[in-house]
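# Observations on the model geometry
Each chain, written out:
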Amino acid sequence: METELHDVKPVPPKGHVISDSPSPASPVDDASQNDDRPLLKSDSSSSAANGRVSDESLEELNKKYAAFARHDVYGPLGRGELPFVEKLLLGVACVTILPVRVVLATLVLFSYYSVCRICTLFSAPNRDEAAEGQDDFGHLRGWRRTVIVSCGRFLSRVMLFVFGFYWISESFRDLEQEQYPPQGKSSSENEGKNQLQRPERPGATVCNHVSYVDILYHMSSSFSSFVAKRSVAKLPLVGLISKCLGCVFVQRESKSSDFKGVAGIVIERVKEAHEDETAPMMMLFPEGTTTNGDFLLPFKTGGFLAGAPVIPVILRYPYQRFSPAWDSIAGFRHVILLLCQFVNHLEVIRLPVYYPSQEEKTDPKLYANNIRRLMAREGDLVMSDIGLAEKRIYIAALNGNNSLPSVLHHKDD
């Protein structure tokens, strides 16, 4: 999905929706080719030359792209001017806890890689002909699968501890599903099906996406399979671990027909997990990208096509200095600043299994929207209509790229 910029809108109170959908009368492709209007207003030629964003323009950007704006002491892109106390704390952390955490994290990573390497010896990966590059070890059974899952859950929690997440607050909500009927339908029209009367096994966990830390948490709690970029499979150490998780690999910018094959694999995995207790569950981040943790982006419908029950999970990262949200900050810088923070916090809200009605099973868009509304309400999140394309525009603008066509050449998956 590609979009044009619109007039700046103030951030609404929580529970409202931010809408930034492109006008049907203005096709996006035409705008990408012909619209050379600057994204930012420059107060001076020197600021434009330095690639800096003026305070006025930054405020406008943060309002329009509120779902990706950082509000911690490190500012936009993690490059803000720090107060003296923060500089002092950062300096102390860089020479004390940072080296220790880097060493410990490396040891944990190598340890689990060794476990995965041993458990996959003399075992051929499962290759799916429906999509190119799909091979994994999620099909392993017996002692191999037991060791991979047990060690993976334990070492993932150890890694979270190394990252400063010493305590994780988990809460479980007991809800009646009839309280959340499909949009435009009454509770009676929702068939009055109570979750207690539907003890089916869920096929996937659905979660908001805030940080790469999300994956570590879900590995430690349920060890689910993920949808990951194809490049992850080729990374040293992490590549084999992702294959042992049974990840489904996608190529974001691919224009080939393998997207249909990938979607089919996800649907099959969800159905398999729903029907087979020994099969790994899928972990879905239907937003398709990360936010600052206060918003919920539109859900993609691919994971809901299977019509299987899902477990909604909401993650929050309370902070005082540095936000663990990986929204608009470079990956390496984010990891360093996260490791330099003495204590990090994670709050988890687990909702009951959501059993779709017959109407939701036949309409995956309705199913996805109802899950999204439920998670927004229970997690006190603001629903926004922007997505990955707007995130790219925002980050490009913060980096001083004020040419509209140059940041819209990527397609949203």
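Nothing here was measured: the structure is a model prediction, and the numbers come from that model. Sequence positions are assigned chain by chain, starting from 1 and proceeding in written order. Note on the predicted model: pLDDT of at least 70 is required for a residue's local features to be given, and 80 or more for side-chain atom pairs to be given and counted; whole-chain, interface and lining totals, by contrast, use all residues. Only heavy atoms go into the side-chain values, all of them from the structure, while hydrogens and water stay out.

Turning our attention to the packing of helix α5 (residues 97–119) against helix α6 (residues 142–162). The angle between the axes and the distance between the axes are what describe a pair of packed helices. Lines fitted to C-alpha atoms define the axes, with helix axes restricted to the stretch in contact, and inter-axis angles between N-to-C directions lie between 0 and 180 degrees. Numbering goes from the N terminus for both helices and strands, where a helix is a DSSP run of H or I of at least four residues and a strand is a run of E of at least two. In the contact formed by α5 and α6, the axes pass within 10 Å of each other and the chain directions differ by 175°. Put simply, α5 runs roughly antiparallel to α6. Counting all contacts with α5, which are made through Arg-101, Leu-104, Ala-105, Val-108, Leu-109, Ser-111, Tyr-112, Val-115, Ile-118 and Cys-119, the residues of α6 involved are Trp-143, Arg-144, Val-147, Ile-148, Cys-151, Gly-152, Leu-155, Val-158, Met-159 and Val-162. A per-class count over the contact of α5 with α6 returns 16 nonpolar, 2 polar and 2 charged. Oblique is the label for every angle not falling under 35 degrees (roughly parallel), over 145 degrees (roughly antiparallel), or within 65 to 115 degrees (roughly perpendicular). Pairs of residues are marked as contacts when any of their non-hydrogen atoms sit within 4.5 Å. Three classes are used: nonpolar for Ala, Val, Leu, Ile, Met, Phe, Trp, Tyr, Cys and Pro, charged for Asp, Glu, Lys and Arg, and polar for all others, with Gly counted as polar.

As a further point, take unusual backbone geometry. Even without being glycine, Phe-122 reaches a positive phi, approximately 65°. Relative to the helices and strands, Phe-122 is located in the loop between α5 and β2 (126–127). Each residue gets one of three labels from its accessible area relative to the maximum for its type: buried under 20%, exposed over 50%, partly exposed in between, using a 1.4 Å probe on protein chains only. For Phe-122, a relative accessible area of 85% translates into the label exposed. With a phi angle near 55°, Asp-380 is a residue other than glycine that sits in the positive phi range. With respect to the helices and strands, the residue Asp-380 is situated in the loop between α12 (364–379) and β12 (382–384).

Time to look at α6. Residues separated by three or four positions in an α-helix point in the same direction, a consequence of the helix having 3.6 residues per turn. Here α6 contains 21 residues, and its C-alpha end-to-end distance of 30 Å stays within 8% of the 30 Å for a straight helix at 1.5 Å per residue. Among the residues of α6, Arg-144, Arg-145, Ile-148, Gly-152, Leu-155, Ser-156, Met-159, Leu-160 and Val-162 are the ones counted as buried. The arc enclosing the buried residues of α6, seen along the axis, measures out at 145°, which places them on a common side. The exposed set on the far side of α6, more than 90 degrees from its buried face, consists of Trp-143 and Phe-154. Here the expected span of a helix is defined as 1.5 Å times the quantity of residues minus one. In this context, the arc is that of the directions from the helix axis out to the C-beta atoms.

Two rings belonging to Phe, Tyr or Trp (six-membered ring only in the last case) form a pair when the distance between their centres is within 6.5 Å. Interplanar angles under 30 degrees mark stacking, angles over 60 mark edge-to-face geometry, and anything in between is tilted. The tally for this structure, following the rule as stated, stands at 10 aromatic pairs. On the numbers, 6.4 Å between centres and 10° between planes, the contact of Phe-299 with Phe-304 is stacked. The two residues Phe-299 and Phe-304 agree in class, both being buried. Aromatic ring contacts, followed pair by pair, group Phe-299, Phe-304, Tyr-354 and Tyr-367 into a single cluster.

A few words now on the environment of Cys-207. For Cys-207, the position within the fold is in strand β5 (residues 204–207). Judged by relative accessible area, which is 0%, Cys-207 ranks as buried. Separated by 80 residues in sequence, Cys-207 and Glu-287 place their C-alpha atoms 8.8 Å apart. For Cys-207, the contacting residues outside a window of four places in its chain are His-218, Met-283, Leu-284, Phe-285, Pro-286, Val-313, Leu-315 and Met-375.

On to the sheet that holds strand β11 (residues 346–350). One key point about sheets: their strands pair by backbone hydrogen bonds, in either a parallel or an antiparallel sense. Spatial ordering of the open sheet is given by β4-β11-β10-β5-β8-β6-β7, a layout of 7 strands whose pairing is mixed. Only two strands of the sheet have a single partner each, and these edge strands are β4 (168–172) and β7 (248–250). Across the sheet, the axes of successive neighbouring strands diverge by a mean angle of 25°, strand direction being ignored. Bridging between strand β6 (residues 225–229) and β7 involves 3 bridges; their strand directions are parallel. Residue pairing across strands places Val-227 opposite Val-248, the latter belonging to β7. Here the rule is simple: two strands pair whenever DSSP picks up at least two bridges between them.

A few words now on α12. Taking 1.5 Å of rise per residue, the 16 residues of α12 would be expected to cover 22 Å, and the 22 Å separating its terminal C-alpha atoms lies within 8% of that figure. The buried fraction of α12 is high, at 12 of 16 residues. Among all positions in α12, only Pro-364, Leu-366, Tyr-367, Ala-368, Asn-370, Ile-371, Arg-372, Leu-374, Met-375, Ala-376, Glu-378 and Gly-379 are buried. Packing partners of the buried residues in α12 comprise β5, β9 (295–296), β10 (310–316), β11, α11 (358–362) and β12.

Glancing now at a nonpolar patch on the surface. Patches draw on residues past 30% relative accessible area with no salt bridge. Two like charges within 9 Å are joined, as are two nonpolar side chains (Val, Leu, Ile, Met, Phe, Trp, Tyr) within 5 Å. Exposure was quantified through the Shrake-Rupley algorithm and a 1.4 Å probe, taking into account, for residues, occlusion by the shown protein chains and nothing else. Any carboxyl oxygen of Asp or Glu within 4 Å of a side-chain nitrogen of Lys or Arg constitutes a salt bridge here. Side chains of Phe-84, Val-85, Leu-88, Leu-89, Val-92, Trp-167, Phe-342 and Val-343 sit close together on the surface and give an oily, nonpolar patch of about 800 Å² of accessible area. Mapped onto the elements, Val-92 comes out in helix α4 (residues 84–95).

Let us now look at the pattern of salt bridges. Tallied over the entire structure, the rule returns 7 salt bridges. Its salt-bridge partner being Arg-173, residue Glu-378 comes within 2.7 Å of it at the nearest N-O pair. Pair noted here: Glu-378 is in helix α12 and Arg-173 is in the loop between β4 and β5, with a separation of 205 residues, a long-range link. Judged by relative accessible area, Glu-378 falls into the buried class, the value being 14%. Among the residues examined, Arg-173 registers a relative accessible area of 31% and is labelled partly exposed.

UniProt positions are given in the numbering used here, feature names are shortened, and annotations may be inferred rather than shown by experiment. Under the UniProt annotation, the feature "transmembrane region" (unreviewed entry) is placed at residues 88–113 and 147–168. Span residues 88–113 is 96% helix and 0% strand, its end C-alpha atoms 36 Å apart. The annotated region residues 147–168 carries 73% helix and 5% strand content, and the separation between its end C-alpha atoms amounts to 24 Å.

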